[in-house]
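One letter stands for each residue in the lines below.
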Amino acid sequence: MKKFPLITGLALSLLACSSLFAAEKTLRIGIEAAYPPFASKTEKGEIVGFDYDIGNALCAQMQVKCVWVESEFDGLIPSLKVKKIDMALSSMTINEDRKKSVDFTHKYYFTSSRLVMKEGAVVDDQYASLKGKTIGVQRATTTDRYATEVFEPKGINVKRYGNNEEIYMDLAAGRLDAIFADTIPLNDFLSMPRGKGYAFVGPELKDPKYVGEGAGIAVRKGNTELVSQLNSAIDGIRASGEYQKISEKYFKSDIYGD
């Protein structure tokens, strides 16, 4: 008769351990920390930015522990494939080409793309005035794809970089005539002292073929459970107001889109 309390106690102990394990579940999140205001590093080496804050909010919503793994942007999908990370939360545009390699959550924000050049420059919709000039883009991005398919056939030189910070430095040094990137980080660049004397030029690119469905979180192909959990968490932080609180910290307007 004395064995029953012992068995019950053992069962409760195992249940408690199981709950503790679940609470300590870890998600390794890949991020490129050179894309302000979405992700960058402080002088102390700490990651800050919209993507970083959103990721931490999602982990809190899911009751899991975040472990951030830094990577060059073009290394994020390969890192997913070899299981170095569980997800990539780094302003990655959802498009058909990437869907062949990874699965995505629904969007957590949307942005268009545009050119930045010296103030006073004029660019027509066909980019005729850019022939022979050099434009900087970030490697393996949707802007890189557009530059390859549209700019280069028009005789425009395209120079590819690992991140936007490298592009800004070459622009300041006079090694580039223009930057072609997402509008939101370019707005951040133009609002800073280093962006003085530069402005948006030419048409705003909103073609879904290139800008896709917005920025989503990438996970390994077939991991539908994690996609579902992340989608629920995105919906959760939007419903609670946490998403808006984070967004207002970095942006003057709503970047989620329609």
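As the structure is a computational prediction, the values presented were derived from the model and not from experiment.

Here is what the cut-offs are and how they apply
- Residues numbered from 1 in each chain as written.
- Predicted model: local features only at pLDDT ≥ 70, side-chain atom pairs only at ≥ 80, totals over all residues.
- Heavy atoms only, no water.
- Axes fitted to C-alpha atoms, helices over the stretch in contact; angles between N-to-C directions.
- Helix = DSSP H or I, 4+ residues; strand = E, 2+ residues; numbered from the N terminus.
- Parallel < 35°, antiparallel > 145°, perpendicular 65-115°, else oblique.
- Left-handed = near helix turned anticlockwise from the far one by under 90°.
- Contact = heavy atoms within 4.5 Å.
- Buried < 20%, exposed > 50% of the residue type's maximum accessible area, 1.4 Å probe, protein only.
- Arc of directions from axis to C-beta.
- Pairing = 2+ DSSP bridges.

Draft legend 1. Molecular detail of the packing of helix H6 (residues 164-172) against helix H7 (residues 183-190). Between H6 and H7, the least distance of the axes is 12 Å, while the angle of their chain directions is 45 degrees. Compared by their axis directions, H6 and H7 come out oblique. The interaxial crossing formed by H6 with H7 has right-handed handedness. Each of Asn164, Tyr168 and Leu171 in H6 lies in contact with H7, whose residues at this interface are Pro185, Leu186 and Phe189.

Draft legend 2. Representation of H6 in the model. Inspection of H6 places Asn164, Ile167, Tyr168, Asp170 and Leu171 among the buried residues, and these make up the whole buried set. The buried residues of H6 occupy an angular sector of 165 degrees when projected down its axis, which confines them to one face. Residues Met169 and Ala172 are exposed on H6 and point more than 90 degrees away from its buried face. Just beyond H6, the residue with positive phi is glycine 174, at close to 85 degrees.

Draft legend 3. Spatial organisation of the sheet that holds strand E1 (residues 26-31). Pairing is mixed in the open sheet, where 5 strands are placed in the order E4-E1-E5-E12-E6. The two strands at the open ends of the sheet, each matched to only one other strand, are strand E4 (65-70) and strand E6 (102-104). Between one strand and the next, the sheet's axes are offset by a mean angle of 35 degrees, whatever the strand orientation. Sheet analysis places E1 next to E4, joined by 6 bridges and oriented parallel. Its bridge partner lying in E4, glycine 30 is registered against valine 69. Each of E1, E4, strand E5 (87-93) and strand E12 (215-220) is contacted by helix H2 (residues 50-62), which is oriented at about 150 degrees to E4, the strand it contacts most. Relative to the sheet, helix H9 (residues 224-240) contacts E1, E5, E6 and E12, its axis offset from that of E12 by approximately 155 degrees.

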